[in-house]
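Chain by chain, the residues:
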Amino acid sequence: MYKKIFRSNLTTCLLASAILLSSTAQAALLNFDDGVANELIGDFYAAQGVSFSNAQRVTNFGLAGSSGPYGIRASNADAYQWFSENPVHAYFSGPVNSVSLVGVDVGENGLRLEAYDADVGGTLLDFAEAFGTGLGNSQFFTLVVNGTSIKRLAFYQIRNVSIDGIVVEDLQFSNRVSVPVPASAVLMGMGLAGLKVLALKK
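The structure displayed is predicted, hence computed values, not measured ones.

Chemist: So what exactly am I meant to see when it comes to the environment of V102 here?
Modeler: With respect to the helices, strands and loops of the structure, V102 is situated in strand β5 (residues 88-104). Between the alpha carbons of V102 and F140 there is a distance of 6.7 Å; along the sequence they are 38 residues apart. The residues contacting V102, other than those within four sequence positions of it, are F140, F141, T142, V167, V168, E169 and D170.

Chemist: Explanation requested: the layout of surface pockets in the structure shown.
Modeler: Computed from the structure, the largest pocket encloses a volume of approximately 160 Å³. Contributing to the lining of the largest pocket are 14 residues, with Q26, Q48, V96, F173 and N175 lying nearest its centre. Listing elements by their share of the lining of the largest pocket, those giving two or more residues are β1 (23-30), β5 and β9 (167-178). Looking at the lining of the largest pocket, the element that brings in the most residues is β5, giving five residues. Of the residues that constitute the lining of the largest pocket, the class distribution is seven nonpolar, seven polar and no charged.

Chemist: Teacher, can you tell me more about unusual backbone geometry here?
Modeler: Phi is mostly negative for residues that are not glycine, and the peptide bonds are mostly trans. In this structure, N54 is a non-glycine residue whose phi angle is positive, near 60°. Relative to the elements of secondary structure, N54 occurs in the loop between β2 (50-53) and β3 (55-59). Even without being glycine, D170 reaches a positive phi, approximately 50°. Here D170 is to be found in strand β9. The class of D170 is buried, set by a relative accessible area of 18%.

Calculation rules
Residues numbered from 1 in each chain as written. Predicted model: local features only at pLDDT ≥ 70, side-chain atom pairs only at ≥ 80, totals over all residues. Heavy atoms only, no water. Helix = DSSP H or I, 4+ residues; strand = E, 2+ residues; numbered from the N terminus. Contact = heavy atoms within 4.5 Å. 1 Å grid on protein atoms, 1.4 Å probe; cavity = no way out; pocket = protein on both sides within 12 Å on 5 of 7 lines; lining within 4 Å. Points joined across faces, edges and corners; volume = space filled by probe spheres on them. Nonpolar A, V, L, I, M, F, W, Y, C, P; charged D, E, K, R; others polar. Buried < 20%, exposed > 50% of the residue type's maximum accessible area, 1.4 Å probe, protein only.

Printed below as a string of structure tokens:
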């Protein structure tokens, strides 16, 4: 009987340890509505874990379905157009494994999102792209990329075939971070289980 009680309590302790050792999700959402129009983004969101280059906060055309009044585009974009030679970059302070963003007014020039494992160069881990029709009026696309260690994003319009321009909003990223538990915590749990058995035996 005492062996059964001990096994039961030991199992409980090990399960608790497994829960503590399991991954926890960390996520952030940037809708870009917490600033003023035409400002450069730079390190504005550094506290949330991401910084930008060649990014500017701009109006998102006030389209129905937008999450708010602003989005971002390349800071030296010509009439909301920017291409592969002039991408917006986002740099994460720590590696993430899933990123999504929303392209607003995406038309025939398209939108491409790329994920890399380094701040400069590196390996292309994943990409996503979308095309709308015509000038993309009121056409929204959500692009998602995944990877084991995303450090940088690049996003831009894929081709230059018309005056179609875009804005990007609602950048969301997440990571699953393992929370290590010291071995002493596991040993303490086993010790407590043993003490409980002794108390029951007495």
